[in-house]
Structures are given as structure tokens and as C-alpha cells.
Amino acid sequence: MPSVRPGGTDAHGPFWSEPGTLLEHVPVAVFGLDDALRVRYWGPGAQDLFGYDSRDALSRPGARLFAGPPAGGSGPDPSAGLVERALSQGYWRGRLTARHRDGTTFACGFRAFPVTGSEGHPVVMVLASRSEELDRVKTNLAFLDALFETCPVGLVMFDPDLRYVHLNQAMADMDALPIEAHMGLRTDDVVILSDGGEYQRMLRKVAADGIPVVGTLVGMRPRGRPDRDQVRSVSFFPLSGTAGSRTGVGGVMLDVTDREQAILEATASRQRLALLDRASTRIGTTLDVDLTAQELVDAAMPDFCDGAVVEIVEWMDTPALFDPSLPLLTRRIASGTVLPPPATELVSGVETVRYPPGSVIHDMLRANRPVSAVVDEAFVARTVVIESRARLLAESGLGCVLVAPLIARGTVQGIAMFGRSAERPDFTEDDLALAGELASRAAICLDNARLYSRVQDISRTLQRALLPSAPATSPYVEVAHRYLPGSHLTEVGGDWYDVIRLPGDRIGLVVGDVMGHGVPAAAAMGRLRITTKALARHHGDPAELLTELDVCAQEFGIELATCLYIVYDPADGRARIASAGHLPPLVLRPDGSVDTVGEVLGVPLGVGGVPYGTTEIELAENATLVLYTDGLIEARGRDIGTGLDALRAELGTAAPEPSQDLDDLAERVLANLLPGPPADDTVLVLARVHRRAAGGPPEGRAPIP
């Protein structure tokens, strides 16, 4: 352990203290005495305290540093008593009278402990400080401890990241959170603010610029007591970080809620507006009824209430007026609570609810506006008819409820019910107004979602009615077909297909596309499909069928539609093809090669005046005809040619064995060519053909629709 060497060269050892406010005012001297009571080590602080430099101190008797015997000790040499106690006790502390080089004496506090010297002899290391400096520091620390323990004003310290590192009990009581629970948290984790981040910006400015703020009024709500808004007078000042301490921000807070009620009311108004703002962005993000209702529940908790449910009214007769003398049936579609069990089971453990006459729900419907009620025995008795549910309500911890009607287009569509625990204040008139606004906004979104669901049901019913429910089957043609709607609004479109049984075991395959989307296109598609099926019974030639179908399209007012019609005859394995502006069919041969029947020409239906032609090809046994619409091969950023090449490549990877399942092939083609929802209606028809044995009789002459 090096000491200050003779000659003035300093070699500071481990007892050299970094400069700082505390150690600048309480200098510590470090020196060492051997068992012969001579000075063996002499630190820079010792020179300042006793006045001897290293040349006058090292190897000199330690007795020069003391005046008089040690307190309570014996013997003329105080240094001997200090060394003896340190060696025998391992550590000693006490007060002795020290002597400066100039002869003056002063009270001094000592700490002494033995170490092993360089030659194996024990050395007692001594730390010394003036007693008056130690007493002053102790007094200051005692004052600070008492201040933090008993001061009725909130005191707090934040680290450089503005996290809690120290606070007093008054501050903890103000936040309604234990002292230890604050540690490591930021203010946003402890209090709820509706100031747009101004409080945090103020703290960061104090930490960055070092300019204190004094007596700023801030409205906030402790998360530990969400039912109690507060106004605090806050003062913040920077922490210097001297003496090795961490920098940060210190603060003093005083609860001035009672005298600042106006600020409190403004804070509550801002919080209500903030809740409405959040609700406007959270409610109605989808057109799903259940999700929309759940969004209302989630938006209301926990700031406005501790639990909420949304229920749809099940009117027995929609045009009938509300009769308060009859029970009311509702269907619960959303629920949530932040309260512990049994509140969770209370809000989510039922789907259909029956409210007896005289319930708070009837009061709300009679008044046609939000109402609130205290949850007591009378409320439970007149609202809940099932004993087990009544017991859950009584044990749930709810202290009051607020019920608001969900009114859209002049009709009560449902109810929204909000509940608060008994620890929070009852709902106020302002809360009733806020609940009415929340319910009004949610009701419009719910009604839109219900109308959308109804349109979806109608559209799906229409689509199922217009598309073939059971295409014709034949032992000579295996068929796999898929239809994917491209419209996200109605889920119907103008793409269509059909498989038609014809005389002589022949099979008609048809696929078409009416320009446009939605119900009008679907209606036009349905008329064309039904007409095609009827015409197929009387026209054996595909070109003749398209000519007649074109006339019908003009009569229907259909301006533009494409159609591909194929008649396959298993007797000779030949297919006759005619096209009205539709995409060419593909042929997947048994060897895995893919051909395009590109000779098929024709103008779309509805144009008129242009004749159609029939192309005839021969198909090998187990060959597969591929019919499709442009939704399969055309997409944004990809033209039809590129999409057609991708379809050909995908079909070319199919196994050539006859056992290859067509449904599996159809699913794979759609999955690889349409990895996401299609932008346009899509039809895919795969038809694997087989020949009828030579001389075999046809299955029947009469066509089967």
C-alpha cells in the first residue's frame, strides 16, 4: 500500500478519495502505525490534518500526533492504546485529542484496523477526521432522515431515466402505492395524466437544462386510487451528482385538491374527452357485430368503469312497441371486467338474459336514456331472476351500474351496461352523459355491422342459389370446381360455371364472367347460367348455343360477358369448343405436358352481330381440361400472359398418374397462384375425361338438367 513518499511525490493508494461535496467538507486522513508505534504510511489527507509532510512523519513516533491519554484508557502514549485495541479487537473506533504540528489540539474521530505489512509485521491503518465535521454531517443526515420520515409534504427523487429511486411516506400515501412498489417505475406507471405529455416534458427539461420549476399545478389521478382525482403543486430541481452520487431530479409535492377544484373539474372533463376520443378510434374498426361490441367494452375499461357488457335486444315482434309489463330478453355478445372473481363469471357466464318487469333495464327503456342505480338488495331482487346469478352479483364487488340504450335508426338495438366497484364513487350526471355518447357512437357502428351481416347472409344465399349446387356427374368425366368471390363487401360476383349432362353420355362444361361485381353482376350471371343450361338441351353445336345466348344477353340488357362452352363426347374422345371472348382452355395431358387451345375465338356476349365458330380437338384418355376466369391469372402488377404462364407451370408439376386427385390439384393451384384473398372473382374447373368402351351403349338419351 503506497504512501506519500519523501520528496513530495504523491502515489495515492486506495484510500485516496475522489473530490466531491461531502468529502471536500469532511476530509479523511489515512496513516499507518507499526507495532513499534512508528508511522509507516502517510497519506495526503494526513498531511492536511496534522501539518507534517511525509519526510517529517514517516518512521517517526506516532505519539506526536496525539495530545493526552486515550479516553478511558491508561498509559502516557495514546498511540499505544489505539494500536493495542486495533490489534486485539480487529477494529476500533473512538475519539481522541489530536495535536497539529503547530501545537494546537483538536478533537478527532478515529477508525483503526490491522493489516499485514510488507515484511510480515502487523500494521494498524488509521482513518481520522475532525470531530466537528463528523458531527455536522451526522446532524445533516439525521435531519434528512427525519425529513423523509416525518415530513407531511411529498418528497421524491428520480434517476437520470426519470425512474423513482427514493421517496417518503407522504409521497407514497399521495400515490396510494407502497414506497417499495414505486422503485424503478416512471410517473406514467404511477399516475394517470391527461395533459398530452406536458408533465413528462417538464421533468425532462429540469433534468436536461438544470432549471428548477416551482409551484406548478398539475391535475392527475393515482393508479392506486383511480376514483380520486388530485391537483398537486409540484416543484422540481436538478440533482448535481457530486460526491459520486447519481444525477437526476428531486421533487417536492403538495396535494392542493381541495383548493383547486376548478382544475380538478377541468381534468375530469379532459379525461372524458380523451375517453371519447379513444372510443371513436377503437369502436367500429370492423364490420363484425361481436367484435364491435367488444371494442365498446374494452374502450370503457378501466378509466370509466370496472366491468361492462353489451347485449342485443331480442324483440319478439320488431314493429311492436316496448311493453314495460313484459319480460325483456337480450343476448349478451361482449363482456369484460378488471375485478377479480366472481365478477368474471358474472359478466361472461351467460349468453341469454331475461330481465323481469320493473328491472333497471325497463326503467332505461321507459326513459329512453341512460340510468344508474346502486347495487343493493332491492336492485338485485328486481333485476336478476336466477338465484345463482343474483348471488354472483351480490358477491361481485360492484357498487353501482349504469345502463345506456343502443339506439340506431330510432330503434333500441341493445343495451350497454357499465359497473363500478364499491370503492369508486357512484356515477354522476356527467358520467350519464358520457355513457350516452359512448352508447350512441357504438350503436351506429353496431347497426352498420348488423346490416352488413344481413347483407352478407343475403349475398351468400343469392350466390348459392345462382351457382350450381350439384353439378352433373358422369362416369366419363371427373370434375373438381372452385369459386372464390373477389368482393369483400357482398362476397358475390359475376363469375360462373356449370357441368351439364347431355344426351349420349356427352358432358357440357361452361364457364363465364359477367363484367362488374356485386349483386347486379351476380343476377346477370344467374340468368346466363340458367339460360345456358336450357339452351344446351336443344343445341348440340357450341357455336349455335353461344349465338342464341348472345341474343338472350342483349334482351337481358347485359352489355358485356364472356363465356366458354365445351361439349365432350366419350364415344370418340373429342371435345367441341366455342368461346365468346373468354380465356382459352388448357389441356393437361397424361404425360404432364400442358397445351393451350388457342384457336378458340369470339367476341363477348352482348356485343351482337359477330358469328361464333366451333373448334374440335381430340383428348387422350385421362387428359384434363382446365377452365378458369381471369381472377386466377390476372392481378395488380401482373398481366394475363404472365399469369397464364404461371398456371401452365403449376399444372405441369402435377403427377401424370390417373390416380392424381383433382380436388387436391385444384386446392394446390389456388394456394400457389392466389396466396392471399383474390382481388377479383375466381373460377377454376378441372375435368378429367375418359372414353367409353367401343360398342358400349350410352347411359341414356334424355338430358338430365
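Placed above this text is the structure.
Heads up: these notes are all about the structure in this document.

Basis of the calculations
- Positions within a chain are numbered from 1, following the residues in the order the chain's sequence is written.
- Only residues with pLDDT of at least 70 are given local features in this predicted model, and only at 80 or more are side-chain atom pairs given and counted; all residues enter the totals for whole chains, interfaces and linings.
- With hydrogens and water stripped out, all remaining heavy atoms of the structure feed into the side-chain values.
- Think of a salt bridge as a Lys or Arg side-chain nitrogen and an Asp or Glu carboxyl oxygen that are within 4 Å of each other.
- By definition, any uninterrupted DSSP run of H or I lasting at least four residues is a helix, any uninterrupted run of E lasting at least two residues is a strand, and each is numbered from the N terminus.
- Working definition: with a 1.4 Å probe on protein chains only, accessible area under 20% of the residue-type maximum means buried, over 50% means exposed, and in between means partly exposed.
- Think of it this way: DSSP has to see at least two bridges between two strands before they count as a pair.
- Two cysteine sulfurs form what is called a disulfide whenever their separation falls within 2.5 Å.
- Aromatic rings from Phe, Tyr and Trp, with only the six-membered ring used for Trp, were paired whenever their centres fell within 6.5 Å, and each pair was classed as stacked if the ring planes differed by under 30 degrees, edge-to-face if by over 60, and tilted otherwise.
- Two limits define a charge over a ring: the Lys NZ or Arg CZ must be within 6 Å of the ring centre, and within 35 degrees of the ring normal.
- Note on definitions: angles span 0 to 180 degrees between N-to-C directions of axes, and those axes are lines fitted to C-alpha atoms, for helices only across the stretch in contact.
- Any angle from 65 to 115 degrees is called roughly perpendicular, while one under 35 is roughly parallel, one over 145 is roughly antiparallel, and all others are oblique.
- In a left-handed crossing the near helix is turned counterclockwise from the far helix by less than a right angle, and in a right-handed crossing that turn is clockwise.
- Whether two residues are in contact is decided by their heavy atoms, any of which lying within 4.5 Å being enough.

**Describing the pattern of salt bridges**
If the charged atoms of two oppositely charged side chains come close together, the side chains can form a pair. Considering all chains together, one arrives at 27 salt bridges under this definition. Between D56 and R101 there is a salt bridge, with the nearest N and O atoms lying 3.1 Å from each other. Placement of the pair is D56 in helix α3 (residues 54-57) and R101 in the loop between β3 (92-99) and β4 (105-116), with a sequence separation of 45 residues. Overall, R101 belongs to the partly exposed group, its relative accessible area being 46%. In this structure, E650 engages R668 in a salt bridge whose closest nitrogen and oxygen atoms are separated by 3.2 Å. Highlighted residues: E650 in helix α19 (residues 640-652) and R668 in helix α20 (residues 662-673), separated in sequence by 18 residues. What makes E650 buried here is its relative accessible area of 14%.

**As for the pairing of strand β20 (residues 507-517)**
Across a regular strand the side chains alternate sides, sitting on one face of the sheet and then on the other. In terms of residue burial, β20 counts as a mostly covered element, since eight of its 11 residues are buried. Note: strand β19 (residues 493-501) against β20, eight bridges, orientation antiparallel. Following the sheet pairing, R501 is matched in β20 by I507. Counted along the chain from β19 to the antiparallel partner β20, the turn is five residues long, and its residue G504 has a positive phi close to 70°. Pairing analysis gives eight bridges linking β20 to strand β21 (residues 561-569), with the strands arranged antiparallel. What sits directly across from G508, in β21, is V567.

**Details of the state of the cysteines**
Taken as a whole and judged by the stated rule, the model has zero disulfides. With no disulfide of its own, C305 lies closest to C400 among cysteine sulfurs, the gap being 9.9 Å.

**So, the pairing of strand β10 (residues 230-239)**
Of all 10 residues making up β10, seven are buried, and the element is well covered by its neighbours. Sheet topology places strand β9 (residues 213-222) next to β10; six bridges connect them, and they run antiparallel. Note that in β10 the partner of G219 across the bridge is V231. Here β10 pairs with strand β11 (residues 248-255) via eight bridges, running antiparallel.

**Things to note about the packing of aromatic side chains**
Taken as a whole and judged by the stated rule, the model has 10 aromatic pairs. Of the aromatic side chains, those joined through ring pairs into one cluster are F31, W42, F50 and F106. Here R420 stacks its cationic end above the ring of F304, 5.3 Å away from the centre of that ring. One Lys or Arg, R527, reaches over the ring of F556 and ends 4.2 Å from the middle of that ring.

**Some details on the sheet that holds β20**
An order of β19-β20-β21-β22-β25 is seen for the five strands of this open sheet, with the pairing classed as antiparallel. Of all the strands in the sheet, just β19 and β25 (615-618) have a single pairing partner and so form its edges. Between one strand and the next, the sheet's axes are offset by a mean angle of 15°, whatever the strand orientation. Of the strand pairs in this sheet, β21 and strand β22 (residues 574-580) are connected by six bridges, and their pairing is antiparallel.

**With respect to the packing of α19 against α20**
One way to put it is that α19 packs onto α20 with a least axis distance of 10 Å and a crossing angle of 140°. Judged on the interaxial angle alone, α20 and α19 are oblique. Regarding α19 and α20, the two cross each other, and that crossing is right-handed. Counting all contacts with α19, which are made through A646, L647, E650 and L651, the residues of α20 involved are L665, R668, V669, N672 and L673.

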